[in-house]
Amino acid sequence: MNIVTYTAKPQLPEVLKPLEELAHNLWFSWNYEAVNLFIRLDNDAWSASGQNPVCTLSMISQETLEQCAADDSYVASLNAVYDRFRRYKEGDTWYRGDMQDTIAYLSMEYGLDVSLPIYSGGLGVLSGDHLITSSDLGLPLVGVGLLYRQGYFQQYLNADGFQQESYPENDWYNMPVTRCTDEAGDDIKITVQMADAQVVARIWRVEIGRNALYLLDTNIDDNIEEYRHVSATLYGGNRETRIRQEILLGIGGIRALRAVGINPAVTHMNEGHSAFLAIERIREHVLHHKLSVQEAIQAVWPTNIFTTHTPVPAGNERFSVELMQKYFQSIVHGLDISFENFMALGREHPEDQREHFCMTVLALRLSSYNNAVSELHGHVSRQMWHSIWKELPLNEVPITHVTNGVHIRTWLSHDMVDLLDRYFGPRFYDEPTDLGIWERIDRISDEELWRIHERRKSRLVQFSRDRLEKQLRARGATGSTLVQAREVLSPAALTIAFARRFATYKRASLLFRDPERLIKLLSDNDRPIQIVFAGKAHPHDIPGKNLIKEIVHFAGQPEIRSRIVFLENYDMSIAQYLVSGADLWLNTPRRPLEASGTSGMKAAINGALNCSVLDGWWAEGYDPSIGWAIGSGEEYEDEELQDEIEVKALYNLLEQEIIPTYYDRGLDGLPRAWIAMMKESMRQVGERFSSARMLTEYSERFYIPALENSRRVQADSYRVARELAKRIANLEAHWGEISVEQLISNHSRQLNVGDAVEVEAVVHLGKVSPEDVRVELYHGRIDSQGKIENADRREMQVLNGAGADGKRRYAVSTQCRMAGRQGYAVRVLPRHDALVHDFLPGLVRWS
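Residues numbered from 1 in each chain as written. Predicted model: local features only at pLDDT ≥ 70, side-chain atom pairs only at ≥ 80, totals over all residues. Heavy atoms only, no water.

Asks: How should I be thinking about the packing of helix 9 (residues 239-259) against helix 12 (residues 321-332) in this particular structure?
Replies: Geometrically, a packed helix pair is captured by the angle between its two axes and the distance between the axes. At a minimum axis separation of 11 Å, helix 9 and helix 12 run at an interaxial angle of 20 degrees. Between helix 9 and helix 12, the interaxial angle falls into the category roughly parallel. Note that helix 9 runs across helix 12; the crossing there is right-handed. In contact with R239, E240, I243, R244, I247 and I251 of helix 9, helix 12 contributes L323, M324, K326, Y327 and I331. In the contact of helix 9 with helix 12, the residues fall into seven nonpolar, no polar and four charged. (Axes fitted to C-alpha atoms, helices over the stretch in contact; angles between N-to-C directions. Helix = DSSP H or I, 4+ residues; strand = E, 2+ residues; numbered from the N terminus. Parallel < 35°, antiparallel > 145°, perpendicular 65-115°, else oblique. Left-handed = near helix turned anticlockwise from the far one by under 90°. Contact = heavy atoms within 4.5 Å. Nonpolar A, V, L, I, M, F, W, Y, C, P; charged D, E, K, R; others polar.)

If you want it as structure tokens, here you go:
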């Protein structure tokens, strides 16, 4: 059948034309005044569209549009919102640098708005907040991802409470995305080799304030059915599907940017899924600038940034040797590199030819800037990947951390935004990096803050009732069961929320280890608690699905069925109800398996208090004035013992501190102590864990230096990259000749604080030039395991030319700075002004 297609658009009256631009720019998602314009058009259409403004416009009758065009109140509101939108796009920003070169941010998923379902959970929502905040700050940053025809699965429960999945098709022509076309109106496409096939992808664009996200789509007639499915589902399919998606994201992503005229001078890999982009960038330099592979590596290494989010080895993407052999030529086409040398880039132990290829290792080896997403996760990551830099002390493994943050205006309820705008002033909107503005929280009276909170909690209760009734109807419930659903929860009860991915390490059912104690708290009519659960288990995670089933069964007991609710199909919309309506945000992961977590931050800026294990961000954020800690940061080998200890600690907190504080009311009915904690939590978390702080940190530590590195590397026909590659090749060839043969010192074994410590070292460099190495004294306190901790690094100076035996003498003088057992060693590292850091795998020599 020959089907001729065309695209139809709503026929908007002239005065309503700005609605189309607003509907296609996700600026609306963090500006409720814009959302309200679509609600005012037709609230029923807004709800039926799934809160999708593009779809809403397509559902509204021409008669309604004409009525709105004749309504001066509506037109005035539209003009005011559109003026604010234009001022936002054209106004001054935090970033004032050169906009010529671009930072490309690649991620497997993006959680930007419920109307664009291409996310599964925390990683995607973090990516979305990253892009939105880059727009706020005016950064020259674009996102790249995949346009999933079915997105992530839709969750529903069967009559027994067991999770089921459905995969509805997305209608991109009624969503806030647009096709990228050339001057003739034809789709802009790119081609990527995958084994024996040429896979074609069409490019779509999402407007995000000032910036954009580009998405690749293989569901087009150019591809056979097998390859049309490459971009079908997020985290779906088998291992072959996954490697195809990651080839498309990494290699295709760079090609897509080139196709739309963007130069990705700096690239940021958000997780290892996109790590093949480094290979594509190397190929570009080989083909277009006539560099060798090693020279090309030195050209891209100082401009690559990698963020790891996974605190367990099993969570990092690995592909078998057999699968890599099948796709090897596709990935390295045009590069003079052997299969074994390529595999070595993705192996912790390059000499182990049976080791699988790890995308995280590839990203770590080809990026000069590597970071984890919280302070604790940084420590975990350095331990996890220590084998790549096994010659270094653990604290020097070049993986730092930038703790995650959340986009404030996306996650604040519109009621709270109005309240804070009123008391914080215009800088709260105009200057998102002015985090000191949160110090004004005390300007808000307890009464006003509590009224806002009560209103939002009532909204959560009503939403939960409506949602539960809908869920039960879908399972075939009738009569009294539906009546009971309309009466669940109470706006007056202490409301606890637990909403996150249902992985077993997150321990959603920890409270149920002591059912009698839980039932007693739930059924207390004087000081009741109620719990709202939400979250999805991965389709193949049977233990995670069983956790959901356990909660649903427990909640079905007659005496407590009005006090526990499980909301199906957790998404950004449900999350916004929960973080704004909950009193207490509960988090119970096994430390240290939570890399960061951001849901607790979203709850905190809305006034909810956190009760959590000291893991992820809460290990940094916890303070007794803003919430509660379960335990003191202990880690256990015996999981059964851990659960037993921590569930008791949690119940003790609930019974002895949390519930009494919430219900301690004065004559005015206000929980003054609780409100004081709400304000302090909003102040501290707003200042420390906003995505504005996160993006300024990424910019100052990584993006801006990397952009400068890009300009420097390209200068003079890549002279620096060529020279550095030559020097590193020489170091690798002759590093085995280097040795620290003798340490010489004239100090006694007993020193006083302040005494000089003078050390000389005789170093054999062989065929290595002294200009290519740094010899340094590594000096500090000796810990209980006989290792140097918190070392002071002092470069040693060469005293003489090379002798006939190739030996040189180096010297340095330092001070004994503290009392106790001290020690030192001497080491040799690579040296070059163009190196971002001098910790290159395999190139460290100790005395």
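What follows continues from the structure just given.
Asks: I'm lost on the pairing of strand 24 (residues 788-795) in this one. Help?
Replies: The two faces of a sheet get side chains in turn, since along a regular strand they alternate between them. Pairing of strand 23 (residues 773-782) with strand 24, which is carried by six bridges, proceeds in the antiparallel orientation. Its bridge partner lying in strand 24, H779 is registered against D792. Counting the residues in the hairpin turn of strand 23 and strand 24 gives five residues, including G786, whose phi is positive at 80 degrees. (Pairing = 2+ DSSP bridges.)

Asks: Help me out: how do you make sense of the nonpolar core in this one?
Replies: Nonpolar side chains tend toward joint burial in soluble globular proteins. Among the nonpolar cores identified, the biggest contains 149 residues, and L19, F276, M324, I331, F342 and Y703 are the most heavily contacted of them. Ranked by residue count, the leading element in this core is helix 28 (residues 691-734), at 10 residues. Beyond its immediate sequence surroundings of up to four residues, Y703 is in contact with I103, Y105, H130, L139, L141, H268, I305, L695 and Y698. One finds L482, A575, I658 and M677 within the second-largest nonpolar core, a separate group that totals 104 residues. (Core = buried A, V, L, I, M, F, W, Y, C linked by side-chain atoms within 4.5 Å. Buried < 20%, exposed > 50% of the residue type's maximum accessible area, 1.4 Å probe, protein only.)

Asks: It is not clear to me how the pattern of salt bridges should be interpreted in this structure. Could you clarify?
Replies: Close approach of charged atoms allows side chains of opposite charge to pair. Applying the stated criterion across every chain, the model contains 71 salt bridges. Put simply, R318 and E348 hold a salt bridge, and the shortest N to O gap is 3.3 Å. Here the residue R318 occupies a position in strand 11 (residues 318-319), and E348 occupies one in the loop between helix 13 (339-345) and strand 12 (357-358), the gap between them amounting to 30 residues. Via salt bridges that share partners, R507, R513, R590, E639, E640, D643, E644, E646 and K648 belong to a single interconnected network. (Salt bridge = Lys/Arg side-chain N within 4 Å of Asp/Glu carboxyl O.)

Asks: So what exactly am I meant to see when it comes to the packing of aromatic side chains here?
Replies: Aromatic ring pairs: the centre-centre distance and the angle between the two ring planes describe each pair. Applying the stated criterion to the full structure yields 33 aromatic pairs. Considering the side-chain rings of F424 and W438, the 5.5 Å spacing of their centres and the 80 degrees angle between planes classify their relative orientation as edge-to-face. Of the two residues, F424 is situated in helix 17 (residues 414-424) and W438 in the loop between helix 18 (427-430) and helix 19 (446-474); the sequence distance between them amounts to 14 residues. Taking the relative accessible area as the measure of exposure, W438 reaches 2% and is therefore buried. For the pair F498 and F502, a centre-to-centre distance of 6.2 Å together with 75 degrees between the ring planes defines the contact as edge-to-face. (Phe/Tyr/Trp six-rings, centres within 6.5 Å; stacked < 30°, edge-to-face > 60°.)

Asks: It is not clear to me how the environment of S292 should be interpreted in this structure. Could you clarify?
Replies: With respect to the secondary-structure elements, S292 resides in the loop between helix 10 (276-289) and helix 11 (293-300). S292 gets classed as partly exposed once you look at its relative accessible area, which sits at 33%. Residues S292 and I282, spaced 10 residues apart in sequence, show a C-alpha to C-alpha distance of 9.1 Å.

Asks: Can you help me understand the sheet that holds strand 18 (residues 584-587) in this one?
Replies: Paired through their backbone hydrogen bonds, the strands of a sheet run either parallel or antiparallel. Pairing is parallel in the open sheet, where six strands are placed in the order 17-16-15-18-19-20. Both edges of this open sheet fall to strand 17 (564-567) and strand 20 (627-630), since each of them pairs with a single strand only. Adjacent strand axes in the sheet meet at a mean angle of 20 degrees when their direction is disregarded. Sheet topology note: the strand 18/strand 19 (residues 609-613) ladder contains four bridges and is parallel. From the neighbouring strand, W585 faces strand 19, where its bridge partner is N610. Along the sheet, helix 27 (residues 672-688) contacts strand 15 (494-499), strand 18, strand 19 and strand 20; its crossing angle with strand 19, the most-contacted strand, is approximately 75 degrees.

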